[in-house]
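Read off the chains here:
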Amino acid sequence: MCWRHCQAVHGIRFSEHSVTTAPLKALNEHLRKPKYLSGDVASINEFIDKFDVFLFDCDGVLWSGDHVFEGVVETLDLLRSRGKKTVFVTNNSTKSRPEYKKKFEGLGIPADEDEIFGSAYSSAIYVSRILKLAPPKNKVFVIGETGIEKELTTENIPFIGGTDPSFRRDITPEDFKGLADGSLLDSEVGCVLAGLDWHINYLKLSHAYQYLRRGAVFLATNVDSTFPMNHNFFPGAGSISIPLVNMTGQEPVALGKPSQAMMDAIEGKFHLDRARTCMVGDRLNTDIKFGIEGRLGGTLAVLTGVSKKEDWEAADAVAVPSFYVDRLSDLRAAAQ
Ligand SMILES: O=C(O)[C@H](O)[C@H](O)COP(=O)(O)O
Ligand SMILES: [Mg+2]
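What you see is a predicted model; the values in this text were computed from it and never measured.

Caption draft 1: Structural view of empty space enclosed by the protein. Counting across every chain of the model gives one cavity of 30 Å³ or more. In this structure, the largest cavity is lined by 19 residues; those nearest its centre are Asp59, Asn91, Asp224, Thr226 and Pro228. Mapped by element, the contributors of at least two residues to the lining of the largest cavity are β11 (226-229) and α12 (284-293). Of all the elements, β11 adds the most residues to the lining of the largest cavity, at three residues. Across the lining of the largest cavity, the residue classes tally to five nonpolar, seven polar and seven charged.

What follows is the structure, given as C-alpha cells:
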C-alpha cells in the first residue's frame, strides 16, 4: 500500500517527499519583520480575510494545562461566524481525539472530534498505513500515555508498555538478567513509539533500548523539549525520548509538528488550500516551522506559550512568523 493509496482510499495523504526543499533560512528571509496585530483592528480584519482555514496549536495557545486563556472561546466563535474552518493540531500525544473532545467540552470550548488532529493519531496512521509492520514483528512498544494506546487500537495495531502498571516499578536484578538475555522481551515488537510519558522510568527506557538494539523502528510522536503547563515549563516529549537517542545514536522519525508528513495528512483530510491556511502557534521550532515548511499562506505566533519575540528576532531564529499577537483573543478586536 503506498501513500497514493492512502490518499485515494482514506483521503489521507502521507509522503516522504515533504513539500519544502528550499532551506528554511530562504523561506524566512522575507519574513524578518513579522506584522504585529494586537490593537490594530484594520490589520486584524485584513489578516482574518486572508484565510479560510486556521490550524490551531493547543498547549500555550488555547490553554495552559486546564487553564483556558481569556477570550479563546469568543475568538473561535468570531472566526467561525465569518465562515472560517478551525482545526486543532496538537503535538501533545497524551490524549486521543475522543479524549481531547472531552477536554474541549470540559473547558467549555466548542470543538468537533473531527476537527482534532493530534500527534498520537498522526503516529498511529503512519504505523498502520506507511510502516505497515508485518507479523511476526507487528507490535509497538509504547513510551507514553493513553492517547497513543487508544489511537493505535483504533488502527488495530497491537502494543505493549505504555500505561501498563507492571512497568511502574523499580528495575530489579531479574529485570537486568531477563533484558540482557532477551527472555523478558516480546519477540513480536518491531517498533518503539515514544511520546510524552508522565510515568517514564529506568525500567521502561531499558526495555525500549533493548528493542531498538534488536532493530526495532524508532518513532516519536513529537520531540518538543519542554511542555508548557500552569504558566511554567516541564519536560517535553523530546526530553522523555532523548535518553534513547543518547544510547542508540539514532534520531527517531518524529510524526508531529513540524513533520510535513503530518501536514500532508491534514491537507488530505481537510482538503485545505495551503495558500488560504494559517498556522497559529506558540512555538517556533514546531508550529511556525510547520506552517512555513508547509508553504501555508501565513503563520501567527501568540506570546502566551513557549516562544518569545526575542526568539524570532535572533539572527539564527529557527523560524519567523508572518504575524504575531500578545494573546489569541486579541483577534476579537476585529468584532468592534
Ligand atoms: O512535550 C510535548 O509533548 C509538548 O510540549 C506539547 O505536547 C505541545 O503541545 P502543542 O503545543 O503542540 O499543543
Ligand atoms: Mg503549543
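Anyway, onward from the coordinates.
Caption draft 2: Structural context of the pairing of strand β9 (residues 189-194). Across the six residues that make up β9, a large majority, six, are buried. Relative to β9, strand β7 (residues 139-143) runs parallel, the two sharing five bridges. Looking at the pairing, valine 142 lines up with leucine 193 of β9. Bridge analysis of β9 against strand β10 (residues 217-220) gives four bridges, and the strand direction is parallel.

Caption draft 3: Looking closely at the sheet that holds strand β16 (residues 323-325). Here seven strands make up an open sheet; going across it, the order is β1-β16-β15-β14-β2-β5-β6 and the pairing parallel. Because the sheet does not close on itself, it has two edges, and the strands there are β1 (35-36) and β6 (116-118). Of the strand pairs in this sheet, strand β15 (residues 298-302) and β16 are connected by three bridges, and their pairing is parallel. What sits directly across from valine 302, in β16, is valine 325. This element, helix α5 (residues 97-106), spans β5 (85-90) and β6 of the sheet and lies at about 125 degrees to β6.

Caption draft 4: Examining the site of ligand 1 more closely. Looking at ligand 1, there are 16 residues lining it, with Asp57, Thr90, Asn91, Thr226 and Ala237 nearest. The side chain of lysine 257 places a nitrogen or oxygen atom 2.8 Å from an oxygen atom of ligand 1. The fraction of the free accessible surface of ligand 1 (350 Å²) that becomes covered by protein chains is 98%. When atom positions are compared with the pocket grids, ligand 1 is found to occupy the largest cavity. For the shell around ligand 1, the per-class residue count stands at five nonpolar, six polar and five charged.

Caption draft 5: Geometry of the environment of aspartate 224. For aspartate 224, the location among the structural elements is in the loop between β10 and β11. Taking relative accessible area as the criterion, aspartate 224 reaches 12% and is therefore assigned buried. Between the C-alpha atom of aspartate 224 and that of alanine 334, which follows or precedes it by 110 residues, the distance is 32 Å. Other than its neighbours up to four places away in sequence, aspartate 224 contacts Asn91, Gly236, Ala237, Gly238, Ser239, Arg283 and Thr286. A polar contact of 3.0 Å, which involves the side chain of aspartate 224, links it to the side chain of asparagine 91.

Caption draft 6: Quick peek at the nonpolar core. Counting residues in each nonpolar core, the largest one holds 32 residues, and the members touching the most others are Phe47, Leu62, Phe104, Val280, Leu300 and Leu328. Those elements that provide at least two residues to this core are α3 (41-49), β2 (53-56), α4 (72-81), α5, β14 (277-281), β15 and β16. Element by element, the count of residues in this core is highest for α4, at four residues. The contact partners of phenylalanine 47, leaving out residues within four places of it in the chain, are Leu37, Phe54, Cys278, Leu300, Phe323 and Leu331.

Caption draft 7: Just the coordination of the magnesium ion (ligand 2), in detail. Protein coordination of the magnesium ion (ligand 2) is provided by Asp57 (OD), Asp59 (O) and Asp282 (OD), with donor distances spanning 2.0 to 2.1 Å. Within one chain, the residues donating to the magnesium ion (ligand 2) are spaced in sequence as D-x1-D-x222-D.

Rules and cut-offs
- Residues numbered from 1 in each chain as written.
- Chains lettered and ligands numbered in written order.
- Predicted model: local features only at pLDDT ≥ 70, side-chain atom pairs only at ≥ 80, totals over all residues.
- Heavy atoms only, no water.
- 1 Å grid on protein atoms, 1.4 Å probe; cavity = no way out; pocket = protein on both sides within 12 Å on 5 of 7 lines; lining within 4 Å.
- Points joined across faces, edges and corners; volume = space filled by probe spheres on them.
- Helix = DSSP H or I, 4+ residues; strand = E, 2+ residues; numbered from the N terminus.
- Nonpolar A, V, L, I, M, F, W, Y, C, P; charged D, E, K, R; others polar.
- Buried < 20%, exposed > 50% of the residue type's maximum accessible area, 1.4 Å probe, protein only.
- Pairing = 2+ DSSP bridges.
- Contact = heavy atoms within 4.5 Å.
- Axes fitted to C-alpha atoms, helices over the stretch in contact; angles between N-to-C directions.
- Near = heavy atom within 4 Å.
- Polar contact = N/O pair within 3.5 Å; in protein donor to acceptor, adjacent residues only side chain to side chain.
- Areas by Shrake-Rupley, 256 points an atom, 1.4 Å probe, with all protein chains shown as cover.
- Sits in = over half its atoms within 2 Å of the grid points.
- Core = buried A, V, L, I, M, F, W, Y, C linked by side-chain atoms within 4.5 Å.
- Donors = N, O, S within 2.8 Å, 3.2 Å for Na, K, Ca; no water.

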